[in-house]
Amino acid sequence: MTAPLTDTFGRVHNNLRISVTDRCNLRCVYCMPEEVTFLDKSALLSFEEIAAFVRAVAPLGIDKIRLTGGEPLLRRELHELVKMLVAVPGIRDVGLTTNGLLLTSQAQLLFDAGLRRLNVSLDTLDPERFRTLARRDGLPLVLEGLAAARRIGFAVKVNAVAIRGFIEHDAAPLARYCREHGFEMRFIEYMPIGAEAWEREKVFFAHELLELLDAEVAPLVPAADADPNAPAAAFEYADGGGRVGIIASVSRPFCRKCNRVRLTADGKLRNCLFSLDEVDVKGLLRAEAVDAAEVERTVRECVRAKWEGHEINTAKFVKPLRTMHAIGG
Ligand code: SAM
Ligand code: SF4
């Protein structure tokens, strides 16, 4: 049997996040600058190249994939990629993270292609604050997309970034909306990976979110079936009204349990969202015949080189050059 993808801290990697584009139809202030030069289309991995990579890493224990971006639904015929990935032996879970703007027209195609899990990013139900945060309009489209996803039968999580000064207004309305519609609400502590200057003081912390939701929505208790290895701390409403996840990347980093590697849209492999180095795999995937052994060696080396953690909370932290949209969230 092939040895698992293990780093020098004993962490086993089974989770691959694939960015399919760096382009986006929003400009969220916490994620990307207003003005950007996007990658040339020829720099992007083709679906066939992405699938070839997945076929090479599935035997190493990668069984969970999330498609992301930029905005993945901007990538034409994305459902065709989903079809290719769910067919790879060993892949047991494919998910997608989207801002939801283009979801209404694509949801059924994605479902029919085999996708079952969607994370839709939504920071506010207020159109004005939506425009402030996303630097574009789009709230009605996102809500329409969410309704379509629910109708079709997706398991949906709604992701909001917890930024002090914003989320205090939006956390309770968002959580109530999710309770009402059967979506799991997830909050992600604001991380230093966007274009804006980040300060720890701008993070609205997990414990503050819990207090707020307890007081303004309904009492929460730790979920009985919580997975201790999942990045999100899982809670459920004591009255049975659904679940809430909180990803406390800053106040309670989960690096110790990290099982992720990332493939950027231009074919670079990163062993951490905050990596300062990346390894090119596009060259290997564009070779006349993909040498699976060479891909394996490259991936193993990249995983082995993984550092202990992101150091966000220390003076040692160095922000990566690429912002979130260009890495893949
Ligand atoms: N465009 C898609 C979307 O927004 O869902 C997928 C890509 S986006 C980079 C993936 C996730 O990263 C989103 O849920 C977004 O809210 C989150 N994100 C972006 N910048 C962040 C930051 N600075 N801190 C925490 N989460 C962030
Ligand atoms: Fe685009 Fe998603 Fe980044 Fe917002 S968070 S700018 S939707 S990639």
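The structure under discussion appears in the preceding block.
First things first, this report covers the structure right here in the doc. Since the structure is predicted, the reported quantities are computational estimates derived from the model, not experimental observations.

**As for the pairing of strand 10 (residues 260-263)**
Step number 1: The alternating pattern of strand 10 places Arg260 and Arg262 and Val261 and Leu263 on opposite faces, both of which are buried.
Step number 2: Across 4 bridges, the pairing between strand 1 (residues 15-19) and strand 10 is parallel. Paired with Arg17 across the bridge in strand 10 is Arg262.
Step number 3: One ladder, built from 2 bridges, connects strand 10 with strand 11 (residues 268-270); its direction is antiparallel. Looking across to strand 11, one finds that Leu263 is bridged to Leu269.
Step number 4: The hairpin turn running from strand 10 into strand 11, its antiparallel successor, is 4 residues long, and Gly267 in that turn takes a positive phi close to 80°.

**Points about unusual backbone geometry**
Step number 1: Of note in this structure, Arg135 is not a glycine but carries a positive phi near 55°.
Step number 2: Structurally, Arg135 can be placed in the loop between helix 4 (127-134) and helix 5 (139-152).
Step number 3: The phi torsion at Glu311 lies on the positive side, around 65°, for a residue other than glycine.
Step number 4: Structurally, Glu311 is set in the loop between helix 9 (292-304) and helix 10 (324-327).

**Thoughts on the packing of aromatic side chains**
The relative placement of two aromatic rings is captured by the distance of their centres and the angle of their planes.
Step number 1: Throughout the structure, instances matching the rule amount to 3 aromatic pairs.
Step number 2: Relative to Phe183, the ring of Tyr177 has its centre 6.0 Å away and its plane inclined at 50°; by these criteria the two rings are tilted. The same class applies to Tyr177 as to Phe183, namely buried.
Step number 3: Between Phe274 and Phe317, the ring centres sit 5.6 Å apart and the planes meet at 75°, which makes this aromatic pair edge-to-face. Of the two residues, Phe274 sits in the loop between strand 11 and strand 12 (279-280) while Phe317 sits in the loop between helix 9 and helix 10, which places them 43 residues apart along the sequence. We note that Phe274, like Phe317, is buried.
Step number 4: Stacked on the ring of Phe111, the Lys or Arg Arg116 has its end atom at 3.7 Å from the ring centre.

**A few points about the sheet that holds strand 7 (residues 220-222)**
Step number 1: Read across the sheet, 12 strands follow the order 7-8-9-6-5-4-3-2-1-10-11-12 without closing on themselves; strand pairing throughout is mixed. The open sheet is flanked by strand 7 and strand 12, the only strands paired with a single partner.
Step number 2: Packed on one face of the sheet, helix 1 (residues 47-57) meets strand 1, strand 2 (64-68), strand 10 and strand 11 and runs near 170° to strand 1.

**Quick look at the site of ligand 2**
Step number 1: The immediate surroundings of ligand 2 are formed by Cys24, Leu26, Arg27, Cys28, Tyr30, Cys31, Met32, Gly70 and Asn99.
Step number 2: Residues that form the shell around ligand 2 fall into these classes: 6 nonpolar, 2 polar and 1 charged.

**Comments concerning helix 1**
Step number 1: For helix 1, the tally of buried residues reaches 9 of 11 residues, placing the bulk of the element in the interior.
Step number 2: Every buried residue belonging to helix 1 is among Phe47, Glu49, Ile50, Ala51, Ala52, Phe53, Val54, Ala56 and Val57, and all of these are buried.

**Here's the deal with the nonpolar core**
Burial of nonpolar side chains together is a common tendency in soluble globular proteins.
Step number 1: Grouped together as the largest cluster of nonpolar side chains are 108 residues, with contacts concentrated most on Leu16, Ile18, Phe53 and Leu85.
Step number 2: Among the elements that take part in this core, helix 1 stands out by supplying 8 residues, more than any other.
Step number 3: Setting aside its immediate chain neighbours within four residues, Ile18 contacts Ile50, Val54, Ile65, Arg66, Leu67, Thr68, Leu85 and Leu263.

Definitions and limits used
- Residues numbered from 1 in each chain as written.
- Chains lettered and ligands numbered in written order.
- Predicted model: local features only at pLDDT ≥ 70, side-chain atom pairs only at ≥ 80, totals over all residues.
- Heavy atoms only, no water.
- Buried < 20%, exposed > 50% of the residue type's maximum accessible area, 1.4 Å probe, protein only.
- Helix = DSSP H or I, 4+ residues; strand = E, 2+ residues; numbered from the N terminus.
- Pairing = 2+ DSSP bridges.
- Phe/Tyr/Trp six-rings, centres within 6.5 Å; stacked < 30°, edge-to-face > 60°.
- Lys NZ or Arg CZ within 6 Å of the ring centre and 35° of its normal.
- Contact = heavy atoms within 4.5 Å.
- Axes fitted to C-alpha atoms, helices over the stretch in contact; angles between N-to-C directions.
- Near = heavy atom within 4 Å.
- Nonpolar A, V, L, I, M, F, W, Y, C, P; charged D, E, K, R; others polar.
- Core = buried A, V, L, I, M, F, W, Y, C linked by side-chain atoms within 4.5 Å.

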